[in-house]
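# Structure at a glance
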Amino acid sequence: QVQLVESGGGLVHPGGSLSLSCAASGRISSIYTMAWYRKAPGKQRELVATITSSSNTNYADSVKGRFTISRDNANNTVYLQMNSLKPDDTAVYYCNAFISTTSGSRGNIWGQGTQVTVSS
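This report concerns the structure included in the present document. (Residues numbered from 1 in each chain as written. Predicted model: local features only at pLDDT ≥ 70, side-chain atom pairs only at ≥ 80, totals over all residues. Heavy atoms only, no water.)

The subject of this paragraph is the overall build of the chain. A tally of regular secondary structure across the chain gives 0 helices and 11 strands. The N-to-C order of helical and strand elements in the chain reads β-β-β-β-β-β-β-β-β-β-β. Radius of gyration (C-alpha) of the chain: 14 Å, near the 14 Å computed for a compact globule of 120 residues. Across its three principal axes, the chain shows a C-alpha extent of roughly 50 × 25 × 25 Å. (Helix = DSSP H or I, 4+ residues; strand = E, 2+ residues; numbered from the N terminus. Rg over C-alpha atoms; globule rule 2.2 N^0.38 Å.)

Listed below in structure tokens is the structure:
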């Protein structure tokens, strides 16, 4: 079974920092683009950041200059460093990866989500 397991969410004051991580495990042959999404109550799911297998990155305008996505290919892990957090960043954050498995199938997989709350 292939899965993504996230960690690192929590409660932080405005202006603070949090770091999220997401580790892929299972019968994975290759991991291509990895990404972080978020879903706030009453809002649509938003793509936060993406990173390709060669570490090219892209960010939503709302997080540019504050968030940094990175990956460790040797350990099948993607990270999201979040600085200068704002209350508007409050959401459940989901990890996503496009993978191929050892059985030859391809597709997107999702993590279970981790809550990030920015509040004073």
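Moving on, we get to the sheet that holds strand 7 (residues 67-72). The antiparallel open sheet is built from 4 strands, whose spatial order is 1-3-8-7. Since the sheet does not close on itself, it has two edges, and those belong to strand 1 (3-7) and strand 7, each with one partner. Neighbour-to-neighbour, the strand axes of this sheet turn through a mean angle of 15°, independent of strand direction. Pairing between strand 7 and strand 8 (residues 77-82): 6 bridges, direction antiparallel. Directly across from Ile-69, in strand 8, lies its bridge partner Leu-80. (Pairing = 2+ DSSP bridges. Axes fitted to C-alpha atoms, helices over the stretch in contact; angles between N-to-C directions.)

Note that every value here comes from positions in space, so none of it alone points to a role or purpose.
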